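Examination of the molecular architecture
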Amino acid sequence: KPLKGESQKDLEKWLACWERMEIMDVHLWPLWEKEVHDILHPLFKELSLIFLAYTRSISEDSAEDAMEMSLDEFHACVGDVGLETKNYKFDVMCNQFIKANATNTAQVRAQRQEEKRDAQSRGNDVPDWKKKGVPKVAGTSDGKEAKKDQELVLYEFLNMLVRIAFWRANPSFGLFGNKDEVVPVPLALSNMLNQVILPNAK
C-alpha cells in the first residue's frame, strides 16, 4: 500500500526495486523480510537520492554510467558517512558489494542445493538433455539481461545495504568459538540507516 503522501508512481518504483532484491542468503531469511521491507519503504526516496548523488561523478562516459555505482563511488560513500567500524573495514565490505552485484544469485543458490543432494536422489532426475534452458536472471534497471560488471544499480545498492548492516553489526558471526549475541537484520539495518547513513550522507 502507498504510504501517506506517496504517489502510485513512487510506490511502483519501490516495488519494482524490492521484488528484484536477492537477499535470501542473509541470516534467518525470510523471518525478517516484512520488517526489512517496512524499514526500507519509507526511506526509499532518500536512499535513491543518496545513490544518485554518488553515481553522478564527473568522469562518467554516458547517462547509463551515471545510474550505476562503481566500487570507487561506493568507497567515497563509505568514507563520507563513516560506515567503517573497528572490526568491519572497507575491504571486507567489498564482499557484500560483489554479492549484491552477482546477477546469478538464484542460480548459485540452486547449484548449492544441488551439491548437497546425494547420488541416489539425483538418479531420479530428468536428464539434462530433456531440460529446457534455464533463463538467466536479468539484472539491469531496465529489465535487460545484465552483463558481468563491477557496478551496482539501485536495487543492488539496497541489497548491499541490507547485507552490510548485518555484517557490520555482527562482524564475528560464524567464527569458531564466537559467543556474541546476534543482532537481528532489521535492528542492524535500522540502526545503520538512521544513525550513520542518513544523517551523514546529507
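Structural data are supplied above this passage.
In this text the structure is predicted, and so the values were computed from the model without any measurement.

Digging into empty space enclosed by the protein
Counting across every chain of the model gives one cavity of 30 Å³ or more. The volume enclosed by the largest cavity comes to roughly 30 Å³. Taken together, Phe 74, Cys 77, Val 78, Val 81, Leu 83, Phe 157, Leu 161 and Ile 197 make up the lining of the largest cavity. For the lining of the largest cavity, the secondary structure elements donating two or more residues are helix 3 (71-81) and helix 7 (154-169).

Topic: the nonpolar core
Ranked by internal contacts, the top residues of the largest apolar core, which has 50 residues, are Leu 40, Leu 158 and Leu 193. Breaking this core down by element, the ones donating at least two residues are helix 1 (8-18), helix 2 (33-55), helix 3, helix 4 (90-101), helix 7 and helix 8 (185-201). In this view, Leu 40 contacts Trp 14, Trp 18, Met 21, Leu 47, Val 162, Leu 189 and Leu 193; residues no more than four positions away in its chain are not counted.

Quick notes on the pattern of salt bridges
Taken as a whole, this structure holds three salt bridges when the rule is applied. For Asp 25, the salt bridge identified is with Arg 163, shortest N-O distance 2.8 Å. In this pair, Asp 25 is assigned in the loop between helix 1 and helix 2 and Arg 163 in helix 7, connecting sequence segments 138 residues apart. Classification of Asp 25 as partly exposed rests on a relative accessible area of 37%. Salt-bridge contacts for Asp 38 lead to Lys 34; the nearest nitrogen and oxygen are separated by 2.6 Å.

Re unusual backbone geometry
Put simply, Trp 29 and Pro 30 share a cis peptide bond, and its omega is 5 degrees. Note that Pro 30 resides in the loop between helix 1 and helix 2.

Section: helix 3
For an α-helix, 3.6 residues make a turn, and residues three or four places apart therefore share a direction. Within helix 3, burial applies to Glu 73, Phe 74, Cys 77, Val 78 and Val 81. One side of helix 3 carries all its buried residues, which in axial view fall inside an arc of 145 degrees. The outward face of helix 3, more than 90 degrees from its buried face, is lined by the exposed residues Asp 72 and Gly 79. Next to the buried residues of helix 3 lie helix 2, strand 1 (69-70), helix 4, helix 7 and helix 8.

Details of the layout of surface pockets
Counted as a void, the largest pocket has a volume near 530 Å³. As for the largest pocket, its lining consists of 19 residues, and the residues nearest its centre are Lys 13, Cys 17, Phe 44, Ser 48 and Leu 154. Those elements that place two or more of their residues in the lining of the largest pocket are helix 1, helix 2 and helix 7. If you tally residues by element for the lining of the largest pocket, the top one is helix 2, at eight residues. For the lining of the largest pocket, the class distribution of residues is eleven nonpolar, three polar and five charged.

Some words on the packing of aromatic side chains
For the structure shown, the criterion picks out eight aromatic pairs. On the basis of an interplanar angle of 40 degrees and a centroid distance of 5.2 Å, the ring pair of Phe 51 and Phe 157 is categorised as tilted. Note that Phe 51 is positioned in helix 2 and Phe 157 in helix 7, a separation of 106 residues in sequence. A connected cluster of aromatic rings, assembled from ring pairs, spans Trp 14, Trp 18 and Phe 44.

Digging into the environment of Val 36
Topologically, Val 36 is positioned in helix 2. On the accessibility criterion, Val 36 (0% relative accessible area) is buried. Between the C-alpha atom of Val 36 and that of Pro 186, which follows or precedes it by 150 residues, the distance is 5.4 Å. Not counting chain neighbours up to four residues away, the residues in contact with Val 36 comprise Trp 18, Val 162, Val 185, Pro 186 and Leu 189.

Reading the values: the criteria
- Residues numbered from 1 in each chain as written.
- Predicted model: local features only at pLDDT ≥ 70, side-chain atom pairs only at ≥ 80, totals over all residues.
- Heavy atoms only, no water.
- 1 Å grid on protein atoms, 1.4 Å probe; cavity = no way out; pocket = protein on both sides within 12 Å on 5 of 7 lines; lining within 4 Å.
- Points joined across faces, edges and corners; volume = space filled by probe spheres on them.
- Helix = DSSP H or I, 4+ residues; strand = E, 2+ residues; numbered from the N terminus.
- Core = buried A, V, L, I, M, F, W, Y, C linked by side-chain atoms within 4.5 Å.
- Buried < 20%, exposed > 50% of the residue type's maximum accessible area, 1.4 Å probe, protein only.
- Contact = heavy atoms within 4.5 Å.
- Salt bridge = Lys/Arg side-chain N within 4 Å of Asp/Glu carboxyl O.
- Arc of directions from axis to C-beta.
- Nonpolar A, V, L, I, M, F, W, Y, C, P; charged D, E, K, R; others polar.
- Phe/Tyr/Trp six-rings, centres within 6.5 Å; stacked < 30°, edge-to-face > 60°.

Any link to function would need more than the numbers given here.
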